[in-house]
Amino acid sequence: QTCALPISATQSALSTKIEELAASITADEAELKAATDIRGKEAKDFSVEEAELVETVGTIGRAVGILEKEMAKGSSMLQLKNAGNVAQALAVLVQASAIGSADATKLTALVQSSQESNDSDDDTGAPAAAAYEGKSGGIIDILGDLLEKAEQQLEDARKKEQTAVHEFEMMAQALKDSIKFATKDTAAAKKNLA
């Protein structure tokens, strides 16, 4: 009879351990699934953002190249030289079939967005629109600034994604290790219980 009590206590302790390990495994598996789902959504969002930024960088880069080439032609692009702002310059390029209307529309929207951003950041009280007036050299500078900003956004987005992937992989590995060891401990406890 004195042996029955320790055996019963051992069985109870092993059963409790098995239950705790099963709960731990279930929690870790749920956390891993949730984290994997979130990472999948983040990866999709990044993919969309990256594609948009790559397209923007390409569009601006092409526009700058075309503007520089057209300005080098001299008198053949007199209208371009006399363009008072980016929108007018892009309209001239569309008419000359140098760039597509979709690219011109996108570039105009980017410039306007940048202008609005500069207007809200402008503490001097001077109208930011004045910065967009001038000859094509100014227009090229404006687009060059937009290109730099777009490239920086792309670089920042890629770094952020790389960090998120690394953090996910570290957490996922820790959870997988926890599940692996808990499963091993469960098997040992079940064997001892038997």
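These remarks concern the structure in this document. Just so you know, these numbers come straight off a predicted model, no measurement behind them.

So, the side chain of Arg 39
Secondary-structure assignment places Arg 39 in helix H1 (residues 4-72). Within the local environment of Arg 39, its side chain forms a polar contact with the side chain of Glu 161, the two groups lying 2.9 Å apart. Leave out the neighbours within four places in its chain, and Arg 39 touches Glu 161, Ala 164, Val 165 and Phe 168.

Focus on the nonpolar core
In summary, soluble globular proteins display a tendency toward joint burial of nonpolar side chains. Judged by nonpolar contacts, Val 57, Ile 60, Ala 63, Val 64, Leu 67, Ile 139, Ile 140, Leu 143, Leu 146, Leu 147 and Ala 150 together constitute the single largest core of eleven residues. Mapped onto this core, the elements with two or more residues apiece are H1 and helix H5 (136-193). Looking at this core, the element that brings in the most residues is H5, giving six residues. Leu 21, Ile 25, Ala 172 and Ala 182 belong to the second largest nonpolar core, which has seven residues in total.

Things to note about the layout of surface pockets
Estimated volume of the second largest pocket: approximately 160 Å³. Lining the second largest pocket, in full, are Arg 39, Glu 42, Asp 45, Phe 46, Glu 49, Ala 157, Lys 160, Glu 161 and Ala 164. Secondary structure elements with two or more residues in the lining of the second largest pocket: H1 and H5. If you tally residues by element for the lining of the second largest pocket, the top one is H1, at five residues.

What counts and how
- Residues numbered from 1 in each chain as written.
- Predicted model: local features only at pLDDT ≥ 70, side-chain atom pairs only at ≥ 80, totals over all residues.
- Heavy atoms only, no water.
- Helix = DSSP H or I, 4+ residues; strand = E, 2+ residues; numbered from the N terminus.
- Polar contact = N/O pair within 3.5 Å; in protein donor to acceptor, adjacent residues only side chain to side chain.
- Contact = heavy atoms within 4.5 Å.
- Core = buried A, V, L, I, M, F, W, Y, C linked by side-chain atoms within 4.5 Å.
- Buried < 20%, exposed > 50% of the residue type's maximum accessible area, 1.4 Å probe, protein only.
- 1 Å grid on protein atoms, 1.4 Å probe; cavity = no way out; pocket = protein on both sides within 12 Å on 5 of 7 lines; lining within 4 Å.
- Points joined across faces, edges and corners; volume = space filled by probe spheres on them.

Without other data, these values stay purely geometric and don't point to any function.
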